[in-house]
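What follows is the residue order along each chain.
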Amino acid sequence: MTAAIDTLAVRDLTKIFRIKTGGFRQSDLKAVDGVDISISPGRTLAVVGESGSGKTTLARLILRLLEPTRGTVLLEDVDITGMEGAALEEKRARMQIVFQDPYDSLSPWQTVGRTVAEPLLLHQNLSKQQAAEPVAAMLERVGLSPEHARRYPHELSGGQAQRVGIARAMITNPALVVLDEPTSSLDMSVQSQILLLLQSLQEERNISYLFISHDLTVVRYIAHDLAVMYLGKVVEAGPAARIFASPRHPYTEALLKAAPRPDPAHKTEHVYLVGEQPSALDRAPGCPLYGRCPIAEDVCADTPQELADIGAGRRVACWKRT
Ligand SMILES: Nc1ncnc2c1ncn2[C@@H]1O[C@H](COP(=O)(O)OP(=O)(O)OP(=O)(O)O)[C@@H](O)[C@H]1O
Ligand code: SF4
Ligand SMILES: [Mg+2]
């Protein structure tokens, strides 16, 4: 029996931005640093981490909206890193994105019908007439009615607008959908409806999700696998349930301790890491958490930490926890 091909396999993916740091001086900012992740068909990998840890940059690299400094992206076993022209267009139809703010991501001048049809017109060369039927069916599938096709974004509620964003992402039947904080701008009750919709679409179509979120309650609910990012690096990865039950990296422990629990009797703790996340510019040569880590030792300051396999599908980048 042959092993199933991963929908996504990312190897050593790195993005360094050259940025001005005053006068004529320039510095390198490693936004994404040697990331290795993969997602199997029908699974959700959640990427979590503080603001500025590189989550959106990672997503943009995967979708080829940004060119990497180094590394490869395999989509369904095909290296799309250097791909261009018609071959890339074909792959673009297999990977789509749903953004955080649905109103921002929809053109105010375009009807819902035109927005949802666009990927079909662009990637599959369908005419507007040919696209009308699949668009109507897709709108119904995401909980809207074909009548919504004639409306403009300002005539929709936040939840309806996000359903349009999801319809646009799903219309080309993608293998991978990146969801960058897809529910964080919505009311709680709407959030859960959207999460249920995403789950049912995943089950029906065997789609892989790369789910970016700050909200660990949502991640706990939706993720099969988890990758925890800190200053551009993945510091812990593996099956979500195992990591939630027993985090190994001190940064993961801190994130989970600071997050609200579903159990209201469990008091949320905020104090664990020392200080703020440092600038991605002034990176120490050793472990990125050195300086904030409560169990650090001197050796951590200049010993780089790579992800190491600790069994049960888990990887951790901390010599004290492997
Ligand atoms: N185009 C760019 N040019 C220079 N630096 C950038 C650029 N895009 C992102 N960065 C920097 O890269 C780092 C990672 O940013 P990114 O937006 O990927 O973080 P994030 O984890 O998505 O944060 P958030 O949770 O706030 O969305 C940050 O330090 C950011 O300032
Ligand atoms: S390597 Fe050292 S500083 Fe880094 S997380 Fe482990 S103990 Fe903390
Ligand atoms: Mg982001």
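Up top is the structure.
Calculation notes
Residues numbered from 1 in each chain as written. Chains lettered and ligands numbered in written order. Predicted model: local features only at pLDDT ≥ 70, side-chain atom pairs only at ≥ 80, totals over all residues. Helix = DSSP H or I, 4+ residues; strand = E, 2+ residues; numbered from the N terminus. Rg over C-alpha atoms; globule rule 2.2 N^0.38 Å. Buried ≥ 20, exposed ≤ 12 C-beta atoms within 10 Å, placed from the backbone. Pairing = 2+ DSSP bridges. Contact = placed C-beta atoms within 7 Å. Axes fitted to C-alpha atoms, helices over the stretch in contact; angles between N-to-C directions. Near = placed C-beta within 6 Å. Nonpolar A, V, L, I, M, F, W, Y, C, P; charged D, E, K, R; others polar. Right-handed = clockwise from strand over helix to strand, strands pointing away. Core = buried A, V, L, I, M, F, W, Y, C linked by C-beta atoms within 7 Å. Parallel < 35°, antiparallel > 145°, perpendicular 65-115°, else oblique. Left-handed = near helix turned anticlockwise from the far one by under 90°.

Here we come to the overall build of the protein. In terms of helices and strands, the protein carries 10 helices and 12 strands. The globule rule puts the C-alpha radius of gyration for 322 residues at 20 Å, and the 21 Å found for the protein is close to it. Seen along its three principal axes, the alpha-carbon backbone of the protein occupies a region of about 65 × 55 × 50 Å. Looking at the protein as a whole, 39% of its 322 residues are labelled buried.

Here four strands make up an open sheet; going across it, the order is E2-E1-E4-E5 and the pairing antiparallel. The sheet terminates laterally at strand E2 (26–39) and strand E5 (78–79), the two strands that pair on one side only. Inspection of the sheet shows strand E1 (residues 8–20) paired to E2 by 10 bridges, in the antiparallel sense. Bridging from a neighbouring strand, Lys 15 pairs with Val 32 of E2. Packed onto the sheet, helix H1 (residues 55–62) meets E1, E2 and strand E4 (70–75) and runs at close to 115° relative to E1.

Our next topic: unusual backbone geometry. Positive phi is not limited to glycine here, since Arg 64 has a value of about 60°. Structurally, the position occupied by Arg 64 is in the loop between H1 and E4. On the basis of neighbour counts, which here come to 19 C-beta atoms within 10 Å, the residue Arg 64 falls in the partly exposed class.

Close to ligand 2 lie Pro 250, Cys 287, Leu 289, Tyr 290, Cys 293, Ile 295, Ala 296, Cys 300, Gln 305, Cys 318, Trp 319 and Lys 320, which account for all nearby residues. In terms of residue class, the shell around ligand 2 is built from 10 nonpolar, one polar and one charged.

Before going further, it helps to examine the site of ligand 1. Of all residues adjacent to ligand 1, which total 13 residues, the nearest are Ala 31, Ser 51, Lys 55, Thr 56 and Thr 57. At the level of elements, E1, E2 and H1 are the ones that each hand at least two residues to the shell around ligand 1. It is H1 that contributes the most residues to the shell around ligand 1, three residues altogether. Residue classes in the shell around ligand 1 are distributed as five nonpolar, seven polar and one charged.

Counting buried positions along strand E7 (residues 176–180) yields five of five residues, so the element is predominantly enclosed. Alternating residues of E7 divide into Leu 176, Val 178 and Asp 180 and Val 177 and Leu 179, and every residue in both groups is buried. Where strand E6 (residues 95–98) lies against E7, four bridges are found, and the strand directions are parallel. Bridging from a neighbouring strand, Ile 97 pairs with Val 178 of E7. Bridging between E7 and strand E8 (residues 208–212) involves five bridges; their strand directions are parallel. Looking at E8, one finds that Leu 179 is bridged to Phe 211. Each parallel crossover has a hand, and for E7 linked through helix H7 (residues 188–205) to E8 it is right-handed.

The buried fraction of H1 is high, at six of eight residues. Listed in full, the buried residues belonging to H1 are Lys 55, Thr 56, Thr 57, Leu 58, Leu 61 and Ile 62.

Counting residues in hydrophobic clusters, the biggest one holds 81 residues, and the most contacted among them are Ala 46, Leu 210, Leu 226 and Val 228. In this structure, Leu 210 is in contact with Ile 39, Leu 45, Val 47, Ala 59, Ile 62, Leu 176, Val 178 and Leu 179, ignoring residues within four places of it in sequence.

In the contact formed by helix H4 (residues 112–123) and helix H5 (residues 128–141), the axes pass within 9 Å of each other and the chain directions differ by 120°. Comparing their axes, H5 and H4 come out oblique. Along this stretch, H4 crosses H5, giving a crossing that reads as right-handed. Here Gly 113, Val 116, Ala 117, Leu 120 and Leu 121 of H4 come into contact with H5, specifically with Lys 128, Ala 131, Pro 134, Val 135, Met 138 and Leu 139. In terms of residue class, the contact of H4 with H5 is built from nine nonpolar, one polar and one charged.

Attention shifts here to the packing of H4 against helix H6 (residues 158–170). The axes of two packed helices give the description: the angle between them and the distance between them. Viewed as axis vectors pointing N to C, H4 and H6 meet at an angle of 30°, and their least axial separation amounts to 7 Å. Judged on the interaxial angle alone, H6 and H4 are roughly parallel. When the axes of H4 and H6 are compared, the crossing they make is right-handed. On H6, the residues touching Val 112, Thr 115, Val 116, Glu 118 and Pro 119 of H4 are Val 164, Ala 167 and Arg 168. Of the residues contributing to the contact of H4 with H6, the split by class is five nonpolar, one polar and two charged.

For Phe 24, the position within the fold is in the loop between E1 and E2. As a C-alpha pair, Phe 24 and Glu 236 span 212 residues in sequence and 37 Å in three-dimensional space.

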